[in-house]
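What the coordinates show
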Amino acid sequence: AADCGVDYSTGILKSIQAIFSAAIVHAIPELSKVSKDASVFTANIAFCRDAKHGDYQCNNAMGISKLLKEYPDKKVAATLPVIPRDVADHICAALPSNVLIASTSNVNGFINITLADTSLKQDVCALVTNGVQPPKIEKQRIVVDFSSPNIAKDMHVGHLRSTILGDSVCRILEFAGHDVARTNHVG
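This write-up is about the structure you can find in this document. What you see is a predicted model, and the numbers here were worked out from it, not measured in a lab.

Regarding the pattern of salt bridges
Summed over the entire model, instances satisfying the criterion amount to five salt bridges. D167 is the partner of R171 in a salt bridge, and the nearest nitrogen-oxygen pair spans 2.8 Å. Pair noted here: R171 and D167 are both in helix α7 (residues 157-175), with a separation of four residues, about one helical turn. One salt-bridge network, in which partners are shared between bridges, spans D167, R171, E174 and R182.

Details of the pairing of strand β3 (residues 101-107)
As paired strands, β3 and strand β4 (residues 110-115) are joined by six bridges and run antiparallel to one another. What sits directly across from S103, in β4, is T114. Hairpin connection, β3 to β4: the antiparallel pair is bridged by two residues, and N108 has positive phi, about 55°.

What about the nonpolar core?
One finds F20, L31, I91 and I113 to be the most contacted residues of the largest nonpolar core, which totals 32 residues. Listed by contribution, the elements that provide at least two residues to this core are α1 (12-27), β2 (56-58), α3 (61-68), α5 (84-93) and β4. For this core, the element with the highest residue contribution is α1, accounting for six residues. What L31 contacts, discounting residues up to four positions off in sequence, is I24, V40, F41, I64, L67 and L68. I142, V144, L173 and V180 belong to the second-largest nonpolar core, a separate cluster that totals six residues.

The rules behind the values
Each residue is numbered by its place in its chain's sequence as written, counting from 1. Given that this is a predicted model, residues contribute local features only at a pLDDT of at least 70 and side-chain atom pairs are listed and counted only at 80 or more, while totals for whole chains, interfaces and linings are drawn from all residues. Heavy atoms from the whole structure form the basis of all side-chain values; hydrogens and water molecules are not counted. The salt bridge definition used is simple: a Lys or Arg side-chain nitrogen within 4 Å of an Asp or Glu carboxyl oxygen. A run of DSSP states H or I qualifies as a helix once it reaches four residues; a run of E qualifies as a strand once it reaches two. Both are numbered from the N-terminal end. When DSSP finds two or more bridges between a pair of strands, those strands are recorded as paired. Each nonpolar core is a collection of buried residues, namely Ala, Val, Leu, Ile, Met, Phe, Trp, Tyr and Cys, held together in the definition by side-chain atoms within 4.5 Å. Burial status follows relative accessibility: with a 1.4 Å probe on protein chains alone, a residue under 20% of its type maximum counts as buried, one over 50% as exposed, and anything between as partly exposed. Whether two residues are in contact is decided by their heavy atoms, any of which lying within 4.5 Å being enough.

The following block contains the structure:
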């Protein structure tokens, strides 16, 4: 399959989710006849509990298997995979080419995913060379109201804490490229 055009700058987890979502759409397009919910095409990706099985796992095969058993057209239903292991095999076969995944393995319908070392090495080298880069998001105007001490009462450390937290939130938002308005009401 061709490269699915994943934006790898969204992070590893989101990138793997995009790759597997594309594979699910390509492998089992009949899902749209069984469920009107578009989320059935969204890959459910989680960390592997045991690192010897891989880095991540895709947990969609069981749910897709249950949906395909309810397929209305019996002739088409006979050609569809209904065992979770077979569903997982179809998804793995439809994976688009990518630089992130080194290998997959199917264990009773759970797809274990091992990441490619070269992709991770490139990400670390880019981080060391370029430093931390802000995410690619749409710029917004954000108002942050913090501290707001009551001048009728004594000042205490809690006022400092909320001021520091508010300022930290503002700095993070400004780093991400947002236009931040800082407000501090005294009253």
